[in-house]
Amino acid sequence: VHHVDMAKGRIRVNSTKGNKWKKGESGSSNPKANKHRLAARGKFDSHLATANRAVESSLTSEALEAHALEHEDVPPLSSAIGETSIDDREDGSQTATSAHTSSVYSYIEAAHPLFGKVKTLWNSSLESHREICAVLAAVSEVIRTKEGKNTEVEYFATLMTALESATDDLKAAASIAFLLSLVLPKVPVDVLQARCGAICKILMDTILAHNTSESCGLLRALVACLSTVLGAQPEGAWSESYLQRVFQLLLNFTVHAKPKLRKVAQGGVVSVLKEGTLGEGNFHPVAPLVAKHCKHVLESSGEETSRLHILGMLKECLSHFPTEHVKSLCEAILKLMTLGNAMVRTTSLQVFHGLFSSLTEPQGLTAELCGRLISALYEYQPSLVDAQLLQAWLTVMLSAHTKLCSLQRDLGLAHLPLFITACIKCLESDKRQVTKMAAGVVKTLLKDCIAPYLQTLKPEDEDAVNMKYVQKSFKAVESSLKYGYQSSWDLVLGMLGTFYEVAGKQCHKIMAKSLLSLCELRGTADFPHSSELDETFGAAVTAMGPRIVLSAVPMQLDTNSATNHEFPRGWILPVLKEHVKNTELGFFVQDLLPLAAKMRAKSQQYQSQPVIAKVYDILQTQIWSLLPGFCTNPSDLATSFPSIAPILGKALTNDTSLAVNICQSLSLLVSGCKTTEDKALVGRFSKNYLPILFNLYSEPSAEAQHKGPILDSIQAYLSVTEQKLIESLFEKILLKLEQQDLPLNTKYLVLDLAQTFVPFLPVDLLTKLFTFITSLMDSADATLQKKAYSILKGLLSCEGPVARSFVMDHMEQLSTLLLESLSTSSTASKKPRLKCLLQIVSRSDFSSVEFLTSIIPEVILCTKEVNEKARALAYDLLVAMGNAAQHCYKKNAEDSMTAYIMVVLAGLAGSPRMASATLQALARLLYDFHDLLGVEIVKTLLTSACTLLSSRTREVVKSTLGLVKVVIGVLPALHLEPHLDDLVSNVLSWGEDSKNHFRLKARVILERLVRKFGYERVAGVVPEKHKKLIVHIEKMNERQKRKKREKHEQGGSGSESTRVSKPSYEDLMMDSSDDEKDVVPKKQAKKAVVKDSAWLKEGTMDDPLDFMSEGAIRRVVANRPRLAKPDSKKAQPFVINPEGKLVITEDDDVMTSGEPNKLPEPQDESVGGPLLNKGEVRKRKRGQLEVEDDDDDEEGKAGNTRGTGIHRKNPNKHEYNFDYGSEYRSKKAKGDMKRPGKPDPFAYVPLIKQKLDKRKQAKLSGQFNGLMNKARKGSTQGLKQHKQRK
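First things first, this report covers the structure right here in the doc.

Observations regarding helix α21 (residues 465–478)
Spacing of three or four residues puts side chains on the same side of an α-helix, whose turn is 3.6 residues.
Link 1 in the chain: An ideal rise of 1.5 Å per residue puts 20 Å on 14 residues; α21 measures up with 20 Å between its terminal C-alpha atoms.
Link 2 in the chain: Within the span of α21, buried status applies to N466, M467, V470, S473, F474, A476, V477 and E478.

Here we look at unusual backbone geometry
Link 1 in the chain: Phi at D526 takes a positive value of approximately 60 degrees, unusual for a residue other than glycine.
Link 2 in the chain: Within the secondary structure, D526 is located in the loop between α23 (512–523) and α24 (530–544).
Link 3 in the chain: Relative accessible area serves as the criterion here: at 77%, D526 is assigned to the exposed category.
Link 4 in the chain: At N582, a residue that is not glycine, the phi angle is positive and equals roughly 50 degrees.

Examining helix α16 (residues 342–357)
Link 1 in the chain: Over its 16 residues, α16 runs 22 Å from end to end, which matches the ideal 22 Å to within 8%, given 1.5 Å per residue.
Link 2 in the chain: Of the residues that open α16, the one with a side-chain oxygen 3.0 Å from the backbone nitrogen of M343 is N341.

Some details on the nonpolar core
Link 1 in the chain: By size, the foremost hydrophobic cluster in this structure holds 342 residues, and its most contacted members are L314, F321 and F352.
Link 2 in the chain: Per element, the largest residue contribution to this core is 12 residues, and it comes from helix α20 (residues 432–455).
Link 3 in the chain: Non-local contacts of L314, meaning those with residues more than four positions away in its chain, are made with C294, L298, F321, L329, I333 and V351.

A word on the side chain of Q233
Link 1 in the chain: Tracing the backbone shows Q233 in the loop between α10 (216–231) and α11 (241–252).
Link 2 in the chain: One polar contact links the side chain of Q233 to the main-chain carbonyl oxygen of L192, over a distance of 3.4 Å.
Link 3 in the chain: Among the polar contacts made by the side chain of Q233, one reaches the main-chain carbonyl oxygen of V229 at a distance of 2.8 Å.

Side note on the side chain of E865
Link 1 in the chain: Within the fold, E865 resides in the loop between α42 (849–862) and α43 (868–888).
Link 2 in the chain: With near-sequence residues (within four places) excluded, E865 lies in contact with T827, K830, A870 and R871.

What about the environment of K747?
Link 1 in the chain: Among the secondary structure elements, K747 is positioned in helix α36 (residues 744–756).
Link 2 in the chain: Measuring from C-alpha to C-alpha, the distance between K747 and K787 comes to 9.9 Å, with 40 residues separating the pair along the chain.
Link 3 in the chain: If we ignore the near neighbours within four places in the chain, the residues touching K747 are L737, L742, F772 and L784.

Parameters at a glance
Residues numbered from 1 in each chain as written. Predicted model: local features only at pLDDT ≥ 70, side-chain atom pairs only at ≥ 80, totals over all residues. Heavy atoms only, no water. Helix = DSSP H or I, 4+ residues; strand = E, 2+ residues; numbered from the N terminus. Expected span 1.5 Å × (residues − 1). Buried < 20%, exposed > 50% of the residue type's maximum accessible area, 1.4 Å probe, protein only. Polar contact = N/O pair within 3.5 Å; in protein donor to acceptor, adjacent residues only side chain to side chain. Core = buried A, V, L, I, M, F, W, Y, C linked by side-chain atoms within 4.5 Å. Contact = heavy atoms within 4.5 Å.

What follows is the structure, given as structure tokens:
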């Protein structure tokens, strides 16, 4: 084995001293050795006539011909191959060799499709592959000469004949055996059964002839063939002794030393057992023979590897033996596990896992044997320290219990408590993976073993024997709430939650104690798993119902204590809100409504104490917030709703703060009505609820956050209301709308109510409503226009049969109304108006070309709207119009789209705003319909784009550049190639006033052009003054590719993801390249983590933020609110010196003066200065020098803590604080770099007059010595590196 050491430039051979390259010849391009070149050259030469082959094949035409005469049923070999050997041909001319090669390849191409794998070997340089191709070509030619049909049987017969004659030739036999292994699985079973003896004789003779050969390919193919033949034999054939001997030969290969051969043999044995013809007892006749062989190997005192090989085979086939053999093999495996070999124990556990998890028939594992194995495996439970083996043991035991429950449920449930107890003990392990594994095993057992039993359990069978096992299992899980398992409490809570979900409905009586334990844990200070505990408690609420849970764990809210106003179990209310559903509505009526009334009364009782009153008010609100959960699919709707309906009506009337919860509850009740009786029951109260809801919604003073739920509940209730009541209520709404003195705010709300009636109105009332909204289209009030368009949109989008019929009958009138109201439509009504147009154009029966042409200018201009949603609707409408145009113009798709685009192109002749909007519209249409555009229309678009790039209007140029981006992204290079020169020149020909404005956009366009056409093509048309830009783009592209390649290499194996899907329109319009989007700056990456963040806008001192108030939701904002800037004019409490530092003084005159930021006049330093009083000693920290460095360079660091005195800054003093030598430092490497126009980077000492002070002589000498030491150190390192290079 050779290893190439690229760092030292030589080849190293293991265990031997290899030849080294001579000095200077390691990079020679003409080496004397040409072995590899000859091998590569042979790859392209003839596969049948190669000059370098010296070994002749024994597969000659004479041999095949002679054997064919002996077997008349096999077609003889055609004389067209020639009288010589297949490989014994003289080298002819190059033309003859080429013709012969193509002829051979034609035979391979014409071969049976099952030889598709061989066709891929045609260009291989391996001699074995070329031999396979040669044999296949010869066999195909034989079959073709005898006018065969290329069937599997013909190939099988010919290959068997060839194999018999080529038994002694290793290479030929290997090729034939490989082809035979491909053919045999497709040969009919009848043929294999009829010729079994002859086939087995030929295969065994060949195996015995080459049994000691080093070549594994021949034996592997022969063993595969033998497995296929044996698997096709019927039950009666296995009584023959020769067949058993053949199978015993196959068994011997299952422990072969070569892994590939052993794998094929084991796979063959397993396939015979699984797929062969089954005999008596639904087991294969050869199964006892395989079992005895395996047991013999396991119990023998041979090598340990043979046992491991047999164990590896038993993973797949142990369950397919008869029961007595499964039992004896399991006993032998259990004995092996006592030897202490870790590999044997692990493999043995894998064998048991395969036995328990096997689902295919036949199955030799019985329930009784499975139970015994489970009991035996407890003796082999690993220690808690051995994490890996313990996880394997848990996996095996999980599959064993699951299997036992599927075989015999009663016996399986009886074994569960002991195993669950063992899993709970595993929670004491220090290994986190073990504890997680144990908790997961318990959850799986509960879902797969206990849940199916409880789902079929009847109420009268709750005292059955199996229920005791379920209760014991829960007691085992409940015991893990002790403090000994504190480190795994999060996992324990997950197991309890799963147990509540599975058995909470049937076993709630024994779970009350665990609920109390959970409440005690939740009440402890600093409990670390509160969220997990809430989820577990919520699972209990969902499974058992709130009545059972709250009876076991009362909330203790109705205490009569006058001093204690704390509620330690108040956390239950939010948990109930999240998990209450599919339960009794009567429990809310009987228990929670009186409790809410008590909280309301106490809130009013403590009005003199606002804090306590607020607490009770919050509790009342939380109780009412549970109502939507109780109204979600209630189980007692028929009995409970009539009793709660009047209470809800009174609550809506008296307390508007409860409107949201009550309206949501009513909507959920209506949506949950599945039967006609339930709908009639809820709809019976429509005459009571609808007027109340109308009054609530039509009040202008009502909270805006209440409007949506109220309107939703009205629309939901209308769906279960009688038609007569709907008509009478709507007529009242129309009468109210016709009132002349109706305030505008009220009129807006009443129009919203009218819109909710549209799906339920008859034709006459729809006509009245349509007439009324027609009069509002010309209103001067923008809000009235918006409401009218919204009602019209609801009418057009309604799916009811009456509304659809009305729209079809009045389509012409509707179209005329929308066209005539264009001139009077306001900006606020653009969005609902566009929705109306979109509904009309998207109809399948739309065919008006005049209407389509008339709305195009309006839609184009709407692409420039300020409202983002209106712009998006305009683009969607443009696409919908393009789809409608394909059947409106009565032409083919391409001609219709061309006509539509030509109408849109007319907008380029308008104002700059219209031209810009038209370009944006064309970009979107080009993106969606580029497949339907012809060459001429594309040429027109590109010509117009190149012309408009020279416009002086920035708005037009910006839109044109966007169109160019889409053109480059979606059009093929063939359409763009003729316009590339003009496109590049116009993109780069900016005006002086817009050069910087569009530089990034132009660069992105050039990057995309380079990606599409290549650097050389684009660089050839770029003007000379912009060559630097294109060169820079190419450098950046190469850098990005290099970084991606390095990242891919560091990431390991795996292919780079390639873009196959079409890029989105937004991606094409972005002002960044694809490479730049992949690289996210660190700052942006950190910000990207907090994507869906929300901020709270704090209140003022007079109005603090109340989280429980109704208006608190308005304080939640999407962007971070700006903090109020401090008033600079406000007087500061301390004096600030010019350096920005606080000066604390005891001088009252300074603090009370009119100029608080002004320093006092400096005093004479001889007196001590204003900040150092007489007798005051400046203290120092431990370890700090008493005399601070007073160097001028260190101003602001040492001793400058007061801001004045001897360390204050002198404005007349020249500062020398320059980092000498910094201009020579390299940014990418160590050391210094030479700079043009400067002296060499040696160490220079600056000559400064101020440095000649005698007091600083010691310091300067120290700096100079340090400089010299560093220079010597650097020169020494450089000298060493120079010597190493030599």
